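Below are the chains, spelled out letter by letter.
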Amino acid sequence: MRYNKPPITVDQQAQLLIERGLTCNDFPRLKRYLESIGYYRLSAYWLPFEQPATDPAKRNHRFQPNTHFDQILSLYIFDRKLRLVVLDALERIEVAVRTAFAREMSLAHGAHAHLNSQLYKDQAQHRSGLAKVEEDLRRSHETFVRHYQQKYTDPPLPPIWAVVETMSFGNLSRWLGNTNDTNVKKQIMTSLGMPNINVMEQVLHTLTPVRNDCAHHSRLWNRRYTMAPPTISKIGSRLVSSERKYYLFNYLVIIEYMLAQINPGSQWKNRLVNLLSTLNPQQLRSMGFPEDWQNREPWKGVA
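For every chain, the first residue of the written sequence is number 1, and numbering continues from 1 along that sequence. In keeping with the model being predicted, local features are shown solely for residues with a pLDDT of at least 70 and side-chain atom pairs are shown and tallied solely at 80 or more, while totals for entire chains, interfaces and linings include all residues. In computing side-chain properties, one takes all heavy atoms of the structure into account and sets aside hydrogens as well as water.

**Observations concerning the packing of aromatic side chains**
Keep this limit in mind: Ring pairs are drawn from Phe, Tyr and Trp, using the six-membered ring of Trp, whenever the two centres fall within 6.5 Å, and their geometry is named by plane angle: stacked under 30 degrees, edge-to-face over 60, tilted for the rest. We call a charge positioned above a ring when the Lys NZ or Arg CZ atom is no farther than 6 Å from the ring centre and deviates by at most 35 degrees from the ring normal.
One pass over the structure, following the stated rule, counts 10 aromatic pairs. Consider the rings of Tyr39 and Trp46, whose centres lie 4.9 Å apart with planes at 75°: the pair is edge-to-face. Through a chain of ring-to-ring contacts, the aromatic side chains of Phe249, Phe289, Trp293 and Trp299 assemble into a single cluster. Positioned above the aromatic ring of Tyr246, the side-chain terminus of Arg224 is 4.3 Å from the ring centre.

**Focus on helix H9 (residues 182–191)**
Two residues of an α-helix separated by three or four positions point the same way, owing to the 3.6 residues in each turn. This is how it is decided: Each residue gets one of three labels from its accessible area relative to the maximum for its type: buried under 20%, exposed over 50%, partly exposed in between, using a 1.4 Å probe on protein chains only. Secondary structure elements are defined from DSSP: runs of H or I of at least 4 residues count as helices, runs of E of at least 2 residues count as strands, and each element is numbered from the N terminus. To be clear, the arc concerns the directions from the helix axis to the C-beta atoms. Polar contact is the term for a pair of N or O atoms within 3.5 Å; when the atoms are in protein, one must be able to donate a hydrogen and the other to accept it, and sequence-neighboring residues count only if both atoms are side-chain atoms.
Residues of H9 that are buried: Val184, Lys185, Ile188 and Met189. The arc enclosing the buried residues of H9, seen along the axis, measures out at 135°, which places them on a common side. Pointing more than 90 degrees away from the buried face of H9 are the exposed residues Asn183 and Thr190. Capping the start of H9 is the job of one residue whose side-chain oxygen sits 2.9 Å from the backbone nitrogen of Asn183: Asp181. With its phi angle positive at about 75°, Gly193 sits one or two positions after the end of H9.

**Quick notes on the environment of Pro281**
Within the element layout of this structure, Pro281 appears in helix H13 (residues 281–285). Overall, Pro281 belongs to the exposed group, its relative accessible area being 56%. In this structure, the C-alpha to C-alpha distance between Pro281 and Ile232, residues 49 residues apart in sequence, is 26 Å.

**Quick word on the packing of helix H4 (residues 69–109) against helix H12 (residues 268–276)**
What counts is decided by this rule: Lines are fitted to the C-alpha atoms to define the axes, a helix being fitted only along its stretch in contact, and any angle between axes, read from their N-to-C directions, falls within 0 to 180 degrees. Working rule for angles: under 35 degrees goes down as roughly parallel, over 145 as roughly antiparallel, 65 to 115 as roughly perpendicular, anything else as oblique. A crossing counts as left-handed when the near helix is turned anticlockwise from the far one by less than a right angle, and as right-handed when that turn is clockwise. Whether two residues are in contact is decided by their heavy atoms: any pair within 4.5 Å suffices.
Contact pair H4 / H12: the axes reach a minimum separation of 10 Å and the direction vectors enclose 165°. It follows that H4 is roughly antiparallel to H12 by the angle criterion. Between H4 and H12 the crossing geometry is left-handed. Facing H4, whose interface residues are Phe78, Lys81, Leu82, Val85, Val86, Asp88, Ala89 and Arg92, H12 presents Trp268, Arg271, Leu272, Leu275 and Leu276.

**A closer look at the pattern of salt bridges**
This is how it is decided: Salt bridges are defined as contacts in which a side-chain nitrogen from Lys or Arg sits within 4 Å of a carboxyl oxygen from Asp or Glu.
Overall, the coordinates contain 18 salt bridges when judged by the stated rule. Between Glu50 and Arg59 there is a salt bridge, with its nearest N and O atoms 2.6 Å apart. Exposure remark for Glu50: the relative accessible area of 7% places this residue in the buried category. One salt-bridge network, held together by shared partners, links Glu94, Arg98, Glu165 and Arg211.

**Thoughts on the nonpolar core**
Put simply, the rule is: For this analysis, a nonpolar core means a set of buried residues of the types Ala, Val, Leu, Ile, Met, Phe, Trp, Tyr and Cys, connected via side-chain atoms within 4.5 Å.
In terms of nonpolar packing, the biggest core is built from 88 residues, with Leu82, Met194 and Met258 touching the most fellow members. Ranked by the residues each element gives to this core, the list is headed by H4, at 17 residues. Discounting residues that sit within four places of it in the chain, Met258 has contacts with Ile93, Leu192, Met194, Val203, Leu204 and Leu207.

**Points about the environment of Leu176**
For Leu176, the location among the structural elements is in helix H8 (residues 169–178). Here Leu176 falls in the buried class, since its relative accessible area comes to 1%. Put simply, Leu176 and Met200 are 24 residues apart on the chain and 9.9 Å apart in space, counted from C-alpha to C-alpha.

**Side note on the packing of helix H11 (residues 248–262) against H12**
Going by this rule: Only Asp, Glu, Lys and Arg are considered charged in this grouping, and only Ala, Val, Leu, Ile, Met, Phe, Trp, Tyr, Cys and Pro are considered nonpolar; every other residue, Gly among them, is considered polar.
Running from amino to carboxyl end, H11 crosses H12 at an angle of 155°, the nearest separation of the two axes being 10 Å. Relative to H12, the element H11 is oriented roughly antiparallel. Every residue of H12 that contacts H11 at Leu252, Ile255, Glu256 and Leu259 is listed here: Trp268, Lys269 and Leu272. Across the contact of H11 with H12, the residue classes break down as 5 nonpolar, no polar and 2 charged.

**A word on the side chain of Glu94**
Checked against the element boundaries, Glu94 lands in helix H4. The class of Glu94 is buried, set by a relative accessible area of 6%. Within the structure, the side chain of Glu94 is placed 2.9 Å from the side chain of Arg98, a separation counted as a polar contact. The contact partners of Glu94, leaving out residues within four places of it in the chain, are Met167, Ser168, Phe169, Leu172 and Arg211.

Structure below.
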């Protein structure tokens, strides 16, 4: 089937929404948000407010009665705030993993442990990982990179504690997964409160798309992920199973747990619960939240 929908003006977009049943008391304001955010981007947030279609494979495009534009805008703003809160926690986790990986590898194998292919299980992956590091360093404007390149010629790359600062969360996860020194992994595993190496690697792998959605301003609140985070026996009672495990709730539980290992005094969960209080029960269910979530750890008693 050939795509043949023509582009339409912002005025036409706003008028189309009104014709489909959207209530808006300020037409110019609706146009301003369509101009600054975009019709396509906002459409992901008004989808829950549309009437169900007769054919589940299609969209009705008609709004439920009494749907006001402010409801859609509030959900969009919530999602933006949620991304910032989640990214704040993931940044702390990422920095902690970077630091631990560089520290343990360098203490065990030297400052340039990343250059020793014998320390990694998959040689092809190690080569491609080094190529990615070299590419990132060439594009980097960091002072420490320029300083190393101007002062040293051997080895050609900076030490591992500098190199990890150029790695994305996904690349860091792959480097750690490819490392064949189990003692190094056990040290990092313990610092994160993970029960074993396999679970740690799975957790970091499944957190990567969540981190990318936050960093790239993608919709987060009701996204269904293709990979579910693994069950951690120590906090198994906090998690949900079946279809809900693919939504954000389990990720939030695991993020909070890891953050508490890194910084036991963190107030991150308070900020998150305060933000979640702006949603209604149906919206929370769309994130995979169980009905009794506030009676479960770690949210129990959090105001």
